[in-house]
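Chain by chain, the residues:
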Amino acid sequence: MTLSSVEVVTSREVRVRAPGKVNLSLHVGPVQPDGYHPLMTVFQAVSVFEEVVARASDERVVTVSGPQSDLVPTDSSNLALRAVELLARASGVDEGVRLHIDKGVPVAGGMAGGSADAAAALLACDALWQTGLSRADLVDLAAELGSDVPFVLQGHTAVGQGRGHVLTPVLGRGEFHWAFAVQDRGLSAGAVYGALDELRAGAPDDELAVLPDLDDDVPLLQALRAGDPRALGAALHNDLQPAALELDPGLAQPLAVAQDAGALGVVVSGSGPTVAALGRSRQHALVLAAAFTAAGVADRVLTATGPVAGARVVATD
Ligand SMILES: C[C@](O)(CO)[C@H](O)COP(=O)(O)OP(=O)(O)OC[C@H]1O[C@@H](n2ccc(N)nc2=O)[C@H](O)[C@@H]1O
Ligand SMILES: Nc1ncnc2c1ncn2[C@@H]1O[C@H](COP(=O)(O)OP(=O)(O)OP(=O)(O)O)[C@@H](O)[C@H]1O
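Looking at an unreviewed UniProt entry, the protein carries the name 4-diphosphocytidyl-2-C-methyl-D-erythritol kinase, with the source organism given as Cellulomonas fulva.

Here is the structure:
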């Protein structure tokens, strides 16, 4: 090898961190023939992270650690393994990988934990295998894996339309401080959307679902642009909340506790059952988390800030 030749350095191990999310607003249109609902949602990525390590290997396997890791499948239904298979097919790679997921995001909690694993696995294996796929290719694969996966790849704050996968970044300033009441029992997103359809089937015609325009969420977008937590708290909204409460009436308790403790706003996160409460400051988010704990209305509490970046390679070896 001459000094001028280029040495291609291949990694044996890639570590990626991907965030969870909260839907600041979630408007759900009527169910479509494919079973999905058109959305108008504003996502925010928050500082609750999944860490995925991908190591070169002959096999394709996954192990999981962290809270609730016993609830995560390690067979081919694992979303991170599904990401590996999809990436291998799309790039024509025939390599193995050993994945390890360290979970920080609640499982089946409405905060996109599995989606974060899928996004992280895509990025990690793309780096490990040097597939040469473009960022746009990876985003397309992400959308195939799940409606929330493109957002956790992108991070920050964004409007999601279509199934939630068509993203437009939202300009904003400042940092928001959250407390989350996490439950051991999960809710399936599909079941919550189904419960919403049932609730709507029994509603009068004038309450039928109409998806608002982006312009209808002006107070929320203005609150983000101004970095105004009080205005953001007042603008939080989730169409899925009544459906999540129908399936899990106990969620009324953390919602009430956060309100009583002075939260600027409180909302079920996505399809639930995690409840997200917005604090006035980092200190106030800690107070809200303590209120959840003292009232015995959460199996676990988390505090976090948002927005944060999307899935990122944090180390290679
Ligand atoms: C509730 C949210 O987290 C809000 O961001 C998402 O809409 C759910 O995202 P996700 O878990 O990534 O959802 P997917 O894995 O794509 O879909 C799971 C199930 O949720 C329902 N689903 C999901 C997205 C959507 N726009 N309409 C739906 O009706 C469908 O029944 C689907 O079978
Ligand atoms: N890597 C994974 N991590 C977590 N759950 C997974 C994973 N792979 C598959 N699953 C399955 O997916 C289901 C949904 O888990 P997930 O944590 O993604 O829910 P969620 O956070 O409510 O998702 P979302 O907010 O995107 O609707 C779980 O019940 C679990 O059985």
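Chemist: Give me the overall build of the protein: which residues, what numbers.
Modeler: If you tally the helices and strands in the protein, you get 10 helices and 12 strands. The C-alpha radius of gyration computed for the protein amounts to 20 Å, which stays within 12% of the reference 20 Å derived for 317 residues, consistent with globular compactness.

Chemist: Describe the UniProt feature "binding site: ATP" (unreviewed entry) in the protein, listing the residues and the values that go with them.
Modeler: As recorded in UniProt, the feature "binding site: ATP" (unreviewed entry) lies at Pro 106, Val 107, Ala 108, Gly 109, Gly 110, Met 111, Ala 112, Gly 113, Gly 114, Ser 115 and Ala 116. Here Met 111 is to be found in the loop between β4 (96–102) and α2 (113–129). In this structure, Met 111 is in contact with Gly 20, Lys 21, Val 22, Val 48, Val 105, Pro 106, Ser 269, Gly 270 and Thr 274, ignoring residues within four places of it in sequence. Positionally, Gly 113 belongs in helix α2. When the 31 C-beta atoms within 10 Å are taken as the criterion, Gly 113 is described as buried. If we skip the residues at most four places from it in the chain, Gly 113 touches Gly 20, Glu 50, Lys 103, Val 105, Pro 106 and Val 107.

Chemist: How would you sum up the site of ligand 1? Please name residues and give values.
Modeler: Taken together, 20 residues surround ligand 1, and among them Gly 146, Ser 147, Asp 148, Gly 190 and Gly 270 come closest. Among the elements of the structure, β1 (13–28), β2 (39–57) and α5 (189–201) are those that each provide at least two residues to the shell around ligand 1. Tallying contributions element by element places α5 first for the shell around ligand 1, with three residues. Grouping the amino acids of the shell around ligand 1 by side-chain chemistry returns six nonpolar, 12 polar and two charged.

Chemist: Outline the site of ligand 2, supporting the account with residue identities and numerical values.
Modeler: The environment of ligand 2 is formed by 22 residues, the closest being Leu 79, Gly 113, Gly 114, Asp 117 and Ala 189. Element by element, the count of residues in the shell around ligand 2 is highest for α2, at four residues. The residue inventory of the shell around ligand 2, partitioned by class, reads 10 nonpolar, 10 polar and two charged.

Chemist: For the nonpolar core, give the residues involved together with the corresponding values.
Modeler: Ala 80, Ala 119, Ala 121, Leu 122 and Trp 178 are the most contacted members of the largest nonpolar core, which totals 100 residues. Ranked by residue count, the leading element in this core is α2, at 11 residues. Apart from the residues within four sequence positions on either side, Leu 122 is in contact with Ala 83, Leu 87, Leu 138, Leu 141 and Ala 142.

Chemist: Explain the confidence of the model for the protein to me, and be specific about the residues and the numbers.
Modeler: Averaged over every residue, the pLDDT of the protein is 95; residues scoring 70 or more account for 96%. As scored by the predictor, the complex reaches a pTM of 0.95 and an ipTM of 0.96.

The rules we used
Residues numbered from 1 in each chain as written. Chains lettered and ligands numbered in written order. Predicted model: local features only at pLDDT ≥ 70, side-chain atom pairs only at ≥ 80, totals over all residues. Helix = DSSP H or I, 4+ residues; strand = E, 2+ residues; numbered from the N terminus. Rg over C-alpha atoms; globule rule 2.2 N^0.38 Å. UniProt positions renumbered as here; feature names shortened; annotations may be inferred. Contact = placed C-beta atoms within 7 Å. Buried ≥ 20, exposed ≤ 12 C-beta atoms within 10 Å, placed from the backbone. Near = placed C-beta within 6 Å. Nonpolar A, V, L, I, M, F, W, Y, C, P; charged D, E, K, R; others polar. Core = buried A, V, L, I, M, F, W, Y, C linked by C-beta atoms within 7 Å. pLDDT = per-residue confidence, 0-100.

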